[in-house]
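# Per-entry structural report
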Amino acid sequence: MVDIKKIRQNPEDFARRLKGRASRSVIDRIVVLDKSRRENLRIVEDLRARQKKISDSQSARKIKEERRRKEEELKRVSKELNGILSEIPNVPDDDVPEGFEDKNEIIEVSGRVPEEKGPPHWEIGKMLGIVDFETASKMTTSFWPLLKGDGARLEMALINFFIEENAKSGFDQICVPYAVNEKAVFGTGQLPKFADDLYRLENDNLYLIPTGEVPAGNLFRDKIFAEDELPLDFQIFSPCFRREAGSWGKLGKGLVRNHQFHKVEIFSFAKPEESDEKLKNFVSVVCGILEKLGFIYRVVLLSSGEMGFSAARTYDIEVWAKGMNRWLEVSSCSNCRDFQARRTNTRIKRKSGEIVFAHTLNGSSVAVGRVFAALLENNFGENGEVPVPDCLKKFMGKDRIEPFVATSLAN
RNA sequence: GGAGGCGUGGCCGAGCGGUUGAUGGCACCGGUCUUGAAAACCGGAAUCCGUUUGCGCGGAUCAGGGGUUCGAAUCCUCUCGCCUCCGCCA
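Residues numbered from 1 in each chain as written. Chains lettered and ligands numbered in written order. Predicted model: local features only at pLDDT ≥ 70, side-chain atom pairs only at ≥ 80, totals over all residues. Heavy atoms only, no water.

### Some thoughts on the protein's contact with RNA strand B
- By nearness alone, 20 residues border RNA strand B, and Arg 8, Glu 45, Lys 52, Arg 61 and Lys 75 come closest of all.
- In RNA strand B, the atoms that sit within 4 Å of the protein are 83% sugar and phosphate, with bases accounting for the remainder.
- Between RNA strand B and Lys 75 there is a distance of 2.7 Å, counted from a phosphate oxygen to a side-chain nitrogen or oxygen.
- Broken down by element, the residue count for the surface near RNA strand B peaks at eight residues, all from helix α3 (residues 24-53). (Near = heavy atom within 4 Å. Polar contact = N/O pair within 3.5 Å; in protein donor to acceptor, adjacent residues only side chain to side chain. Helix = DSSP H or I, 4+ residues; strand = E, 2+ residues; numbered from the N terminus.)

Right, dumping it as C-alpha cells:
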C-alpha cells in the first residue's frame, strides 16, 4: 500500500514518480476522495463529540440520527478510496528505468554465452523418461509437471542443495501453509488486482499460494518489532500454484511455465536503512548458487513496467539455457520497502519511540523447475548422458542422470 | 462432524452497563544509588486517524462486523480465530 499522505501532499510529483504504473486520472480521483473523506470524518467526529457531552436523551437521539446518516456517507467514500488505493502499485526507486522490457538494464554477465547448442530439456527429459507430461495430463490438465526416477531425485536434490546454501547465508528455514486466506494474499499484494492468477478453494475461501512470499510476508501481521529484533531472514521451500490465466500463448514447452513448480524463497524483514544492502545480499546469495551449479548467468535491473505490483526495485537473475538458446529467469529479488508492511501492518518501534513500517524483501533462491530445465540442457553431453554437478552429487547419491525404468517393469 | 470454553495494551492478567484507554505484574525507557553492573527506589511510556508551525485539541480502538442503550471491554447477534472433550483420520 502506498502512503496516501504522499499523494495528498503532491499529486503531480507522485504520479511522475510512479513512472507510468498508474494513470493520472486515478491519482486525481484519489485526491478528490481523500478530501471528501476527511471532510466527512471531521463532521462525524464533531457530531460524536457533541453526542458524548449530552446526557439528555431527547437531543442525544437527534444527534445520533444525524451522525448515522453522515457515517453512511463516510463509509461509502472510504470504501471507494481504499478500493482504488489498494490497486496502486508500489513507487519504483528513483533510479529504476521507466518503461518496459527494452528498458531493462543488464547489470552483470558472469561469462561468455557458448556457441554450441543442444536439445531442449523437454526432449532430453522425454528421452530419459524422467519428465512425463503425457501421463500428467491423464490425471490433471496440461502444464502440470510429472517427474520420474532420477528426474524426481534431481528435483529433490536441487531443493536440498538450495536450502543448504541459503542456510549457510543465514536464512532460517520455515515450513508454511500452502493455502492461505484472503487477507494474507492481500497483504503481499497479489490481491485484489491479480485474482485471476490464483487458484481459489471455493468451499473454504482459501487460495493456493502462488509463491512462498505470501505466507512469509504475513508472518508478522500486526506486529510491532523492537528495533534490535530486526533484520530477520527466512527461507521457505514450497510448491507454487499459478493459473497463468491470460498467458496461455506464452506457456511454451517443458518446465519453463507450469501451473505448479517448486521454489525456495528467501524473505527478510528489515529496518528501512538496511534494506538496500539486504537486496544486494539477496542477489549475491543467488549468484553464488548459480556459480556452484556451473551456470552462466546475468543480473538484470527491471524497468518500472516489468516489476511486480509490490516491488520498488527488482533484480531478475537469468541463466543461459543451451537447449532453448536463451536466457531463462530463475530468480527475482525485490525490495518492497514499506509497501507490503503497510498492508500487513508490520512495524518497528525505534529506540526514540518513533514507529515506522518495516521493509520487506523477497527473492527466489531459486526456482527449482527452471534450474532443472537449464541443468538438463547445459549438462547434456554428446554421449547422451547428463552428468550431475559436483555440488549436487551428495544429494543425488550418483554422478549421472540415468534413464527411468520403473523397477517393477524392469525384471 | 457433535458438545463446551475462550479471544483485553509488547507479553501475562484484572475488569463483566457510567471519567476504564482500561488496576496490577513482567519486559521497556529515563533518573537516584554504585568503581561498573545487578538489586532497590523514583519517574515515563499504548496504537491509529483527523486537525495544528508547535504545545495541544477532537475522534476511534478491549478479535472483527451489526445491534440494544442517554451511555458498552462489559448486554444481544453474526463472522473469524484459538483451546478442551467426543467422532473420524495421515
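### Observations regarding the confidence of the model for chain A
- Confidence in the prediction of chain A, expressed as mean pLDDT, is 92, and 97% of residues score 70 or more.
- Reported confidences for the modelled complex are a pTM of 0.94 and an ipTM of 0.87. (pLDDT = per-residue confidence, 0-100.)

### Some points on the pattern of salt bridges
- Scanning the entire structure with this criterion turns up 36 salt bridges.
- We note a salt bridge from Lys 278 to Asp 233, for which the minimum N-O separation is 3.0 Å. One end of the pair, Lys 278, is in helix α10 (residues 275-292); the other, Asp 233, is in strand β7 (residues 232-241), and 45 residues separate them in sequence. Across this residue pair, the class does not change: Lys 278 and Asp 233 are buried.
- Three or more residues joined by partner-sharing salt bridges are found here, namely Asp 93, Asp 95, Asp 276, Arg 313 and Arg 337. (Salt bridge = Lys/Arg side-chain N within 4 Å of Asp/Glu carboxyl O. Buried < 20%, exposed > 50% of the residue type's maximum accessible area, 1.4 Å probe, protein only.)

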